[in-house]
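Architecture at a glance
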Amino acid sequence: MQHSIRRRSILTGLMAGTVLLATRPSPLLAQTAQDAAPVFTLPKLGYAYEALEPVIDAQTMRIHHSAHHQAYVNGANAAAKQWDGLRTTPIDKVLADLGAVPETVRTAVRNNVGGHWNHSFFWELMTPGGGEKPGTELAGAIDAAFGSFDEMVKRVNQAGATRFGSGWAWLVVGKDGKLAVISTANQDTPLELSARPVLGVDVWEHAYYLKYQNRRPEYLTAWWKTVNWDKANENFKKAKG
């Protein structure tokens, strides 16, 4: 009888151990799942695709956000699988010092992580019913740097219209702490130039071609009706800080 009880106890213990091992997550599997998790995700817009009409049509917004921006997100996540630094370093620091990125993945980071950052910034800078005027602090800085608000708009539009090929036009706070207008090619960001953006406008053809075709200056003129000046004011204070 004692032998039977002892044998039954041993079997019960072995079965309990087996269940425990089966339910305890494998460290290797947990690490693999963590590595597979995407570093970058497509941000949701704070407005509907049609909300910026008639300046930007719904179809352009849908393609621009769900297809073009998603492609940059996919490319950025592919780069993160090649370089762990994208998992541990803030995106703005990566883009401000691309020379520190391994050469084997640097172009992918510049294009895809840069594209993700630029577009994430761009979406927040637009709002339905936008196009008012900047707040007092930013307005004063614009007047000091350019002489007037209209002159600043003129220079941003010119920077965007004369950007050969694809790229961006920016109002930034430069190294000297003053406002300046610059443009960047492709998905390059102002961060690499040690400049902090206040506002930026996408002049890639996919941002405007369905409605404006080759009339980029017309798109640039209309775009100011969408600007979220509350966000631009926030960007300015952050850049100055």
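Now for a look at the structure at hand. (Residues numbered from 1 in each chain as written. Predicted model: local features only at pLDDT ≥ 70, side-chain atom pairs only at ≥ 80, totals over all residues. Heavy atoms only, no water.)

Structural notes on the pairing of strand S1 (residues 167-173)
Where burial is concerned, most of S1 is hidden: seven out of the seven residues are buried. Side chains Gly-167, Ala-169, Leu-171 and Val-173 project from S1 onto one buried face, and the interleaved Trp-168, Trp-170 and Val-172 project onto a second face that is buried too. When S1 meets strand S2 (residues 179-185), the two strands line up antiparallel, connected through seven bridges. Across the sheet, residue Val-172 finds its bridge partner in S2, namely Ala-180. The turn linking S1 back onto S2 is made up of five residues, and Gly-177 within it adopts a positive phi angle of 80°. Pairing geometry for S1 and strand S3 (residues 196-202), over six bridges, is antiparallel. Bridging from a neighbouring strand, Trp-170 pairs with Gly-200 of S3. (Buried < 20%, exposed > 50% of the residue type's maximum accessible area, 1.4 Å probe, protein only. Helix = DSSP H or I, 4+ residues; strand = E, 2+ residues; numbered from the N terminus. Pairing = 2+ DSSP bridges.)

Quick word on helix H10 (residues 216-223)
Buried within H10 we find Arg-216, Tyr-219, Leu-220, Ala-222 and Trp-223. Taken down its axis, H10 places every buried residue within 165° of arc, on the same side. Its buried side turned inward, H10 meets helix H6 (103-124), helix H8 (149-161), S3 and helix H9 (209-212). (Arc of directions from axis to C-beta. Contact = heavy atoms within 4.5 Å.)

A few points about the side chain of His-64
As for its position among the elements, His-64 is in helix H3 (residues 58-82). Residue classification places His-64 among the buried residues on the basis of a relative accessible area of 2%. Not counting residues within four places of it along the chain, the set of residues in contact with His-64 comprises His-69, His-119, Phe-122, Trp-123, Asp-202, His-206 and Ala-207.

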